[in-house]
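Close look at the chain arrangement
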Protein chains: 2
Amino acid sequence: MNIGEASQASGVSAKMIRYYESIGLINAPVRTASNYRVYAEPDVHALKFVRRARDLGFTLDETARLLDLWRDRRRRSATVKAIALDHVTELERKVIEMQEMIRTLRHLAHNCHGDERPDCPILDDLTGNCAASNPPAPQHGVRKSRPSLPRRRQII
Amino acid sequence: MNIGEASQASGVSAKMIRYYESIGLINAPVRTASNYRVYAEPDVHALKFVRRARDLGFTLDETARLLDLWRDRRRRSATVKAIALDHVTELERKVIEMQEMIRTLRHLAHNCHGDERPDCPILDDLTGNCAASNPPAPQHGVRKSRPSLPRRRQII
DNA sequence: CCTTGACCTTCCCATCATGGGAATCCCTAT
DNA sequence: ATAGGGATTCCCATGATGGGAAGGTCAAGG
């Protein structure tokens, strides 16, 4: 099986298959005399595994650990579960962060006429007029005013 | 005001201030005879604007457009509102995507003993045994089984 | 047998926003 | 004068992915 066929079969682009090999995520396959990569069923299986893990939002690093566990017949399911739940925690953190952004933006947009006039509460908020910029915060103990996320990375 | 002071005052790192200048997001400030950047209040104000926009998840591109509108006294608030609501839509898309991951992972983890034994529904799911891998999908019209997101970028 | 087109190979570059660090220069206080 | 803390520029790294160039290979058809 060529890389193109393996790509088709696994749903992973050829580009990524080569990349995964280069970082040691998957094993380097055998090559033909003309240097073409040749894949077999187990390789495609591993690629599908990676694809699914990526779809579930696992990083390549976590995916590598999951792959190791997958291959280790004496693994402890507790280890796998811990990785998964850590990932869930991380996802939830991001969801909450984004929901807070959404809440603020919706509130600001709601108060914006959205017409020909230049007056705009959204720009007012960005300008620093935090006066009426934040809604009364719903139920949870969500931080009011500036999220003041401690210098965290952009959330895409 | 030095770049360090401007950084303190605005909450934007000196590194980022220089970067924002290099991509034309903010104006290049005047320099001292010894080539130090010198900032004044309006500059810090703009930096705070950028900071706040970033905190709300706007990309630098969107931030640039918002900055332009901010400076344009004849802007239409409708334009600002449209940018904000587009961004909200995008954030919501990502939130839903992540919530689907969370739902699936929680379900899988729930069915995993998490003990010494190697049997693990999480790995089973990644392996492709999609049999009992997806919960019955809650209320919303959320897509079942494979999210099959059309080759979308990683969600971190 | 040769051409054509579809594949494969490697290598470099770009994205997005940010940080790290080196080498060098400048300012201020002792 | 000297030490320290800042400033400057420049290069590199991140994570995951795509784009594309330059060149080698294979199979089918003329």
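Let me sum up the structure you'll find in this document.

Cut-offs used in this document
- Residues numbered from 1 in each chain as written.
- Chains lettered and ligands numbered in written order.
- Predicted model: local features only at pLDDT ≥ 70, side-chain atom pairs only at ≥ 80, totals over all residues.
- Heavy atoms only, no water.
- Buried < 20%, exposed > 50% of the residue type's maximum accessible area, 1.4 Å probe, protein only.
- Helix = DSSP H or I, 4+ residues; strand = E, 2+ residues; numbered from the N terminus.
- Arc of directions from axis to C-beta.
- Contact = heavy atoms within 4.5 Å.
- Core = buried A, V, L, I, M, F, W, Y, C linked by side-chain atoms within 4.5 Å.
- Near = heavy atom within 4 Å.
- Polar contact = N/O pair within 3.5 Å; in protein donor to acceptor, adjacent residues only side chain to side chain.
- Buried area = accessible area lost by both parts, 1.4 Å probe.
- Salt bridge = Lys/Arg side-chain N within 4 Å of Asp/Glu carboxyl O.

**Observations concerning helix α2 (residues 14-22) of chain A**
All names here are of chain A.
- Every buried residue of α2 is accounted for by A14, I17, Y20 and E21. What you see down the axis of α2 is that its buried residues fit within an arc of 120 degrees, all on one side. Residues K15 and S22 are exposed on α2 and point more than 90 degrees away from its buried face.
- Contacts from the buried residues of α2 go to α1 (3-10), β1 (30-31), β2 (37-38), α3 (41-55) and α4 (60-71).
- A positive backbone phi angle near 80 degrees is found at G24, which sits one or two residues after α2.

**Description of the nonpolar core**
- In this structure, I122 of chain A together with I122 of chain B are the most contacted members of the largest nonpolar core, which totals 75 residues.
- Each residue touching I122 of chain B, except ones within four places of it in the same chain, is listed here: V80, K81 and A84 of chain A together with L108, A109 and C112 of chain B.

**Things to note about the protein's contact with DNA strand D**
- Around DNA strand D, the surrounding shell holds 21 residues, and the nearest of these are K15, Y20 and S34 of chain A together with G4 and R18 of chain B.
- Taking all atoms of DNA strand D within 4 Å of the protein, the share assigned to sugar and phosphate is 67%.
- S13 of chain A is positioned with one of its side-chain polar atoms (N or O) 3.1 Å from a phosphate oxygen of DNA strand D.
- Here a base nitrogen of DNA strand D and a side-chain polar atom of Y36 of chain A are 2.8 Å apart.

**A word on the interface of chain B and chain A**
- Facing 60 residues of chain B, the contacting portion of chain A comprises 59 residues.
- On the chain B side of the interface with chain A, the three residues burying the most area are R52, L105 and L126 of chain B, jointly 13% of the side's total.
- With its nearest N and O atoms 3.0 Å apart, the salt bridge here joins R106 of chain B to E92 of chain A.
- Seen at the junction of chain B and chain A, the total is 24 residue pairs in polar contact (both at pLDDT 80 or more).
- Counting only elements with at least two residues in the side of chain B that touches chain A, the list comes to α3 (41-55), α4 (60-71), α5 (77-110) and α6 (121-127) of chain B.
- For the side of chain B that touches chain A, the leading source of residues is α5 of chain B, giving 20 residues.

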